[in-house]
Amino acid sequence: MSTVLGVACSGGVVLAGDRLAVTDGHVRGRARRHVFDFGSVGAAVVAADVDGFADRLDREIRTYRTERGDVRIDPLARMASDLAAAFDASVVVAARDEASRPALRSITADGGVTADPLAAFGSGASLVLGALESGYDPDASLDAAVTLARDALSSAAERDAGTGSEIEIYRLSA
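Residues numbered from 1 in each chain as written. Predicted model: local features only at pLDDT ≥ 70, side-chain atom pairs only at ≥ 80, totals over all residues. Heavy atoms only, no water.

Draft legend 1. A look at the pairing of strand β6 (residues 42-46). Most of β6 sits out of view: five of its five residues are buried. Neither face of β6 is left uncovered, since the one carrying Gly42, Ala44 and Val46 and the one carrying Ala43 and Val45 both have all their residues buried. In textbook terms, the turn of a hairpin is the stretch between consecutive antiparallel strands, and for strand β5 (residues 35-37) and β6 this stretch comprises four residues, one of which, Gly39, has a positive phi near 85 degrees. Pairing of β6 with strand β7 (residues 90-96), which is carried by five bridges, proceeds in the antiparallel orientation. Across the sheet, the residue bridging to Gly42 is Ala94, located in β7. (Buried < 20%, exposed > 50% of the residue type's maximum accessible area, 1.4 Å probe, protein only. Helix = DSSP H or I, 4+ residues; strand = E, 2+ residues; numbered from the N terminus. Pairing = 2+ DSSP bridges.)

Draft legend 2. Highlighting the sheet that holds strand β2 (residues 12-18). The sheet built from four strands is open, its strands ordered β10-β1-β2-β11 with antiparallel pairing. Each edge of the open sheet is held by one strand with a lone partner, namely β10 (118-122) and β11 (167-173). Within the sheet, the average angular offset between the axes of one strand and its neighbour, ignoring direction, is 10 degrees. Both β2 and β11 contribute to a ladder of seven bridges, which runs antiparallel. Bridging from a neighbouring strand, Asp18 pairs with Ile167 of β11. (Axes fitted to C-alpha atoms, helices over the stretch in contact; angles between N-to-C directions.)

Structure, rendered in structure tokens:
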């Protein structure tokens, strides 16, 4: 299934995920993207159809920008929430809030949205959350948050067959 996470701190927001493709408990490949950079906003997704979700979200973001300008965190979370149920996707998104501060939202497959500073979805989510919670510092720099995210995913990869060791990162600095 793969694993994705999000960390919000004073230095910004980090989204991270592994690149393992797992279907029905079988490893299908190592090149699947789960973290997407849509310019000034990002998303980390676990779903059966990650690419389909990302393509639809990309179209929604482009339309929003054309009609209204910059995408802020709340409209982005609404877009992802609307798509989550259709794609049975769990998503972590990052964008700036109305005060231009980096913000994080997590969206469950039923469309529920939360604003916690730490989030993880996928097969290694419980392992990742344990690692994140033990090392989390809300006043950390963006580089420290990236290191924490990499360490958490690496730890999960050692213990969870559904989490791969190849990691990709999206950064949104303060």
